[in-house]
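# Observations on chain architecture
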Amino acid sequence: MRDRYNRSINYMRLSITDRCNLRCRYCMPEGLRDKLPMPALLSYEELLEIAAAAVRAGITRFKVTGGEPLVRLHAEAFIGRLKALPGVEQVTLTTNGLLLSEKLPALRAAGIDGVNISLDTLDAEKYREITGYAELARVLRGIEESVASGIPVKLNAVLQRGVNDGEWRALAELARTRPLDVRFIEMMPIGYGRKFPAVYNEELLQRFRESYSGLEWDERTHGNGPAVYIRIPGFQGTIGFISAMHGKFCGACNRIRLTSVGKLKPCLCYGESVDLMPILRDGGSSGDIERQRRLERAIREAVAGKPEAHHFEHISEITEEKEMVRIGG
Ligand code: SAM
Ligand code: SF4
């Protein structure tokens, strides 16, 4: 499906819960709010109805996110059903990794195509400081087991000045002996992220250049996203940069985002969304086919409303007020 700037939109992020088993301070700090009651969230059946309509509109790739998607009961089974929908080419997951080890066999059986695991630090005390929980060892185990299973793995690290920005090299070194991508995501001024000054990837790339010789841009396609990658001689994996603040990648944006309460967001920066919940819960007045038509129309409407670019660089223009945990990243 093309939007009005002729971008091809084929990728949808599905947030399946607003709950999380961590409290990352830039996303969902302790004491943030009460969680939404379960009936307020889209059921798996409703999510699959939306996914089916999205496929008809031209979406072929889905990323399952949260909150923390693996805290929702039977997330693995949902992933299997999503993957089995006709026309779905790829289903991947973004997770904090805490439950990965135990869910890995079921995720593999469900046909998962890749996992993105968030890891901001390799220091156990800092991990607790950033996420609120002393769970680094569990995450590391989930990463090692995912790599060993052969699933494509990407690690996502958000650096904060004076907190974990000194760890860029240690994090990157994980890709030396493992076939995974280590990606540095610039902190975005969404929700609590506004409180934490971003470490800019341009600056980071300069540090890489000074520390490693023979760096090369890696032109291969690594996934669906806006990351650019470098290769370091001797490394099995690659290093990626997602520069939301400085490297404006909106011209190549291919995505829309569905929140766990059924709001379809054309752009992360703005509060505008198309509400799919009324279509799904209209008291049964429309049949399955009519509901599917209405969902597809609404998805196309959201894509038609996709703005040309975000303006994270002008804080006053950001109209999204939700925290990242409610959007899914
Ligand atoms: N709980 C899962 C996880 O942590 O991967 C999925 C949801 S989480 C919101 C998705 C990603 O968004 C994580 O990698 C997290 O670090 C990132 N994130 C959260 N708030 C952010 C912000 N303000 N700027 C940039 N990335 C952010
Ligand atoms: Fe939870 Fe992921 Fe947000 Fe951390 S970044 S609080 S793990 S949703």
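The preceding data block contains the structure.
Now for a description of the structure that goes with this document. If you're wondering where the values come from, they're calculated on a predicted model, not measured in any experiment.

Moving on, we come to the site of ligand 2. All residues in the neighbourhood of ligand 2 are listed as Cys 20, Leu 22, Cys 24, Cys 27, Met 28, Gly 67, Asn 96 and Val 325. Partitioning the shell around ligand 2 into residue classes produces six nonpolar, two polar and no charged.

What follows deals with helix H1 (residues 44–57). Taking 1.5 Å of rise per residue, the 14 residues of H1 would be expected to cover 20 Å, and the 20 Å separating its terminal C-alpha atoms lies within 8% of that figure. Of all 14 residues in H1, 10 are buried, a share of seventy percent or more. Regarding H1, the residues found buried are Tyr 44, Glu 46, Leu 47, Leu 48, Ile 50, Ala 51, Ala 53, Ala 54, Val 55 and Ala 57. Lining the buried residues of H1 we find strand E1 (11–15), strand E2 (61–65), helix H2 (75–84), strand E10 (255–258), helix H8 (277–280) and helix H9 (288–304). Residue Gly 58 follows H1 closely and has a positive phi angle near 120°.

With that settled, consider the environment of Gly 162. Structurally, the position occupied by Gly 162 is in the loop between strand E5 (153–158) and helix H6 (168–172). Given the relative accessible area of 72%, Gly 162 is considered exposed. Sequence-wise, Gly 162 and Val 199 are 37 residues apart; in three dimensions their C-alpha atoms are separated by 9.6 Å.

Among the structural elements, Gln 292 can be located in helix H9. Side-chain polar atoms of Gln 292 contact the backbone nitrogen of Ala 53, separated by 3.3 Å. Setting aside residues no more than four positions away along its own chain, Gln 292 makes contact with Glu 49, Ala 52, Ala 53 and Arg 56.

In this structure, Glu 173 sits in the loop between H6 and strand E6 (181–185). Assessed through its relative accessible area of 24%, Glu 173 is described here as partly exposed. Sequence spacing of Glu 173 and Thr 238 is 65 residues, and the spatial spacing of their C-alpha atoms is 9.8 Å. Every residue in contact with Glu 173, bar those within four places of it in the chain, is listed here: Tyr 212 and Phe 235. There is a polar contact of 2.6 Å between the side chain of Glu 173 and the side chain of Tyr 212.

With 107 residues, the main nonpolar core has Met 12, Phe 62, Phe 78, Leu 82, Phe 184, Phe 208 and Ile 239 as its most contacted residues. If you tally residues by element for this core, the top one is H1, at nine residues. Contact partners of Phe 184, with chain neighbours within four places excluded, come to Ala 157, Leu 159, Trp 168, Leu 171, Ala 172, Asn 201, Leu 204, Phe 208, Ile 239, Gly 240, Phe 241 and Ile 242.

Cut-offs used in this document
- Here the residue index of a chain counts from 1 through its sequence in written order.
- As they are written, the chains are lettered A onward and the ligands numbered 1 onward, keeping that order.
- With the structure being a predicted model, the display of local features is reserved for residues of pLDDT at least 70 and the display and counting of side-chain atom pairs for 80 or more, all residues being used for whole-chain, interface and lining totals.
- The side-chain numbers reported here are obtained from all heavy atoms of the structure, hydrogens and water having been left aside.
- Only heavy atoms are used to decide nearness, and a residue is near a molecule or strand if one of them lies within 4 Å of it.
- Each residue is assigned to one of three groups, with Ala, Val, Leu, Ile, Met, Phe, Trp, Tyr, Cys and Pro labelled nonpolar, Asp, Glu, Lys and Arg labelled charged, and all others, Gly among them, labelled polar.
- Secondary structure elements follow DSSP: runs of H or I no shorter than four residues count as helices, runs of E no shorter than two count as strands, and numbering proceeds from the N terminus.
- One less than the number of residues in a helix, times 1.5 Å, gives the span that helix is expected to have.
- Partly exposed residues are those whose accessible area sits between 20% and 50% of the maximum for their type, while under 20% is buried and over 50% is exposed, using a 1.4 Å probe and protein chains only.
- Throughout, a contact is declared for two residues whenever any of their heavy atoms are within 4.5 Å.
- Nitrogen and oxygen atoms within 3.5 Å of one another constitute a polar contact, given that in protein one can donate a hydrogen and the other can accept it, and given that sequence-neighbouring residues count only through two side-chain atoms.
- Throughout this description, the term nonpolar core refers to a set of buried Ala, Val, Leu, Ile, Met, Phe, Trp, Tyr and Cys residues connected via side-chain atoms within 4.5 Å.

Everything listed is a geometric property; what it means functionally is a separate question.
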